[in-house]
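So the chains spell out like this:
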There are 2 protein chains.
Amino acid sequence: MARELTDDQKQKIEENRKKALERLKATKARTDTAKPPEQKKRLRGSKMSTNYYEYNLTTMRDTKAGFIEEDPQKSPEKRRKILTLDEIPYDPSSTQKCRECASLDLDVAYLKVFKVPVCRKCIESVPDKYSLLTKTEAKDDYLLTDGELRDRERLPVWEKPNPHKHTWNNMLLYLREHLEAFAIEKWGGLEELDGEFARRETEKQERKERKYKKSVAELRKRTRVEEWERKRRERLRIEQAHEHTFEAIGDDSCEQKCTICGLTVEVEEF
Amino acid sequence: MARELTDDQKQKIEENRKKALERLKATKARTDTAKPPEQKKRLRGSKMSTNYYEYNLTTMRDTKAGFIEEDPQKSPEKRRKILTLDEIPYDPSSTQKCRECASLDLDVAYLKVFKVPVCRKCIESVPDKYSLLTKTEAKDDYLLTDGELRDRERLPVWEKPNPHKHTWNNMLLYLREHLEAFAIEKWGGLEELDGEFARRETEKQERKERKYKKSVAELRKRTRVEEWERKRRERLRIEQAHEHTFEAIGDDSCEQKCTICGLTVEVEEF
DNA sequence: GCTTTACGGTGGAAC
DNA sequence: GCTGTCCGTCGGAAC
Ligand SMILES: [Zn+2]
Ligand SMILES: [Zn+2]
């Protein structure tokens with residue numbers, strides 16, 4: 001037993017070590033060169049489309065879209081204030097260019113919320129980097145936790161009204177590029193992430209199987225008990241709750257047998 | 001698959017139904033008569049002693065012992081204020097008697113915190129009702145959740161400095177009588193509670209076994225792979241990285257065999 | 001036999 | 001392909 005726990009521990013420690021190393025490496029790589037991230041297709045479930053964005057365009061007016069940033073005043077508890085998209089300052093006369101095609105017609109939301117200068121056309125043509133994922137998708141696809149998804153520094157969030165009902169909790173949108181970078185640091189690479197994903201899938205499957213087997217066994221057991229009870233009751237009914245109706249066995253015999261319970265008695269003839 | 005989930009659902013619903021019924025019954029029973037709760041021994045792990053109390057007596061002076069009660073001012077969020085034991089008001093000239101032995105010398109802490117008039121002697125002689133359990137013990141023994149343990153109305157708490165280190169989080173003490181009543185309502189009875197306890201124990205055991213088996217299998221697999229790798233390397237070494245050292249097979253033979261890799265060649269003698 | 005928190009998994013509600 | 005919260009389990013930290 002102690003050995004299992006130790007194995008677990010070792011694994012955790014190794015993971016963390018790997019994590020730290022990868023973090024350094026990844027950070028360096030990204031800041032040194034602007035080389036694109038791995039282009040390997042990640043279509044586990046989340047779409048590569050920009051549906052969420054489209055949705056926003058139609059409801060831009062009454063949306064409470066915004067993101068969270070540090071409050072200027074340095075109070076002991078780090079106060080955060082939600083700014084609407086319009087309240088986020090930016091310089092419209094900037095000569096910044098799209099990082100993909102060098103266009104000057106940048107997408108304002110991406111620039112303001114995600115700090116990524118990119119044009120609408122490139123957002124749609126490079127979903128591997130610029131598609132948006134909801135928080136739930138982010139958790140499912142990249143196996144990030146709530147705590148990690150709360151890191152607004154590295155994972156800026158575009159809050160939008162819930163598409164199901166606007167009174168519900170805001171929908172939280174993340175940029176795929178950010179999630180992928182984070183996940184690579186966390187898991188040590190996309191391959192390791194896929195491994196963990198597979199591990200959990202098989203575990204889920206095994207859990208299901210066990211549950212199913214158990215329920216079948218339970219049902220069978222119950223059925224058997226009920227059958228046994230039924231038989232017992234029937235036996236009792238026959239043996240106790242009737243008047244014997246004797247009939248002679250054969251013609252010459254002095255024996256009689258009850259037609260219900262089979263009780264056989266000798267008849268003394270006087 | 002859908003069947004399993006439904007079974008689970010049914011079970012939950014049944015539990016809740018039972019819960020509601022039991023709640024009514026239990027509440028009535030307790031308010032109508034002062035009959036003692038089930039005296040069945042519950043010594044799963046927590047002691048029946050009053051150790052925690054003893055501890056308190058020696059450190060009463062600098063303890064921040066207290067309990068939480070509603071703030072008089074009705075603000076929208078229910079403000080709560082922690083009162084120290086001395087700050088809790090009570091009437092020392094009260095003629096209230098010990099509910100067990102009718103003594104007038106009541107335990108002040110029990111009266112103030114738990115609202116139970118009982119004397120020190122009876123606290124020690126009836127641990128089934130008056131022994132104290134830490135929060136962790138309460139969870140372990142009565143299978144209550146954090147949320148339930150937060151119900152200060154039904155489960156008053158006596159906070160005391162942590163016995164391990166006074167700078168750590170306060171120790172939270174509950175009265176066994178309260179916990180037991182709550183657990184009976186929650187689970188539908190002490191028997192059902194024991195059933196659930198047993199269920200979890202076996203589950204834990206099964207989990208452990210599975211984990212162990214898995215780790216053994218993993219180890220075995222790894223060992224096998226390593227062994228295979230070792231052999232392969234050895235084979236390669238032998239077949240590639242050596243000069244053949246031929247020796248004649250038998251005396252008259254014109255065949256020769258390498259002493260390292262076993263390669264056999266015919267030797268043409270001129 | 002000290003407590004809080006974090007995590008993974010899950011249904012149900014509706015911020 | 002919506003989000004919070006809760007539950008059970010667990011190991012580590014130190015309120
Ligand atoms: Zn572009
Ligand atoms: Zn008494």
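Residues numbered from 1 in each chain as written. Chains lettered and ligands numbered in written order. Predicted model: local features only at pLDDT ≥ 70, side-chain atom pairs only at ≥ 80, totals over all residues. Heavy atoms only, no water.

1. Thoughts on the pattern of salt bridges
Phase 1 of the analysis: Tallying each qualifying case throughout the model produces 32 salt bridges over all chains.
Phase 2 of the analysis: A salt bridge links R99 of chain A to E177 of chain A; the nearest nitrogen and oxygen atoms lie 2.6 Å apart. With R99 of chain A in the loop between β2 (80-84) and α3 (108-114) and E177 of chain A in helix α8 (residues 176-187), the pair connects residues that are 78 residues apart, well separated along the chain.
Phase 3 of the analysis: Taking relative accessible area as the criterion, E177 of chain A reaches 15% and is therefore assigned buried.
Phase 4 of the analysis: Between D146 of chain B and K135 of chain B there is a salt bridge; the shortest N-O distance is 2.8 Å. With D146 of chain B in helix α7 (residues 146-149) and K135 of chain B in helix α6 (residues 135-142), the pair connects residues that are 11 residues apart, well separated along the chain.
Phase 5 of the analysis: The partly exposed category is assigned to K135 of chain B, whose relative accessible area is 26%. (Salt bridge = Lys/Arg side-chain N within 4 Å of Asp/Glu carboxyl O. Helix = DSSP H or I, 4+ residues; strand = E, 2+ residues; numbered from the N terminus. Buried < 20%, exposed > 50% of the residue type's maximum accessible area, 1.4 Å probe, protein only.)

2. Quick word on the UniProt feature "domain: XPA C-terminal" (unreviewed entry) in chain A
Phase 1 of the analysis: Under the feature "domain: XPA C-terminal" (unreviewed entry), the UniProt entry names residues 129-177 of chain A.
Phase 2 of the analysis: Annotated as residues 129-177 of chain A, this span is 33% helix and 22% strand, and its ends, taken at the C-alpha atoms, are 5 Å apart. (UniProt positions renumbered as here; feature names shortened; annotations may be inferred.)

3. Brief notes about the coordination of the zinc ion (ligand 2)
Residues and elements named next belong to chain B.
Phase 1 of the analysis: Distances from the zinc ion (ligand 2) to its protein donors, C98 (SG), C101 (SG), C119 (SG) and C122 (SG), fall within 2.2 to 2.3 Å.
Phase 2 of the analysis: When the donor residues of the zinc ion (ligand 2) are listed from N- to C-terminus, their spacing reads C-x2-C-x17-C-x2-C. Separated by 24 residues along the polypeptide, C98 in the loop between β2 (80-84) and α3 (108-114) and C122 in helix α4 (residues 120-125) bring together distant segments of the chain. In this structure, C98 and C122 share a single accessibility class: buried. (Donors = N, O, S within 2.8 Å, 3.2 Å for Na, K, Ca; no water.)

4. Topic: the coordination of the zinc ion (ligand 1)
Six octahedral donors at a metal ideally form angles of 90 or 180 degrees, and four tetrahedral donors ideally form angles of 109.5 degrees.
Residues and elements named next belong to chain A.
Phase 1 of the analysis: The protein atoms that coordinate the zinc ion (ligand 1) are C98 (SG), C101 (SG), C119 (SG) and C122 (SG), at distances spanning 2.2 to 2.3 Å.
Phase 2 of the analysis: Given four donor atoms and angles of 101 to 116 degrees at the metal, the environment of the zinc ion (ligand 1) is assigned as tetrahedral.
Phase 3 of the analysis: Sequence positions of the donors to the zinc ion (ligand 1) reduce to the motif C-x2-C-x17-C-x2-C.
Phase 4 of the analysis: By relative accessible area, C98 is classed as buried at 5%. (Tetrahedral: all angles 85-135°; square planar, octahedral: opposite > 155°, others 65-115°.)

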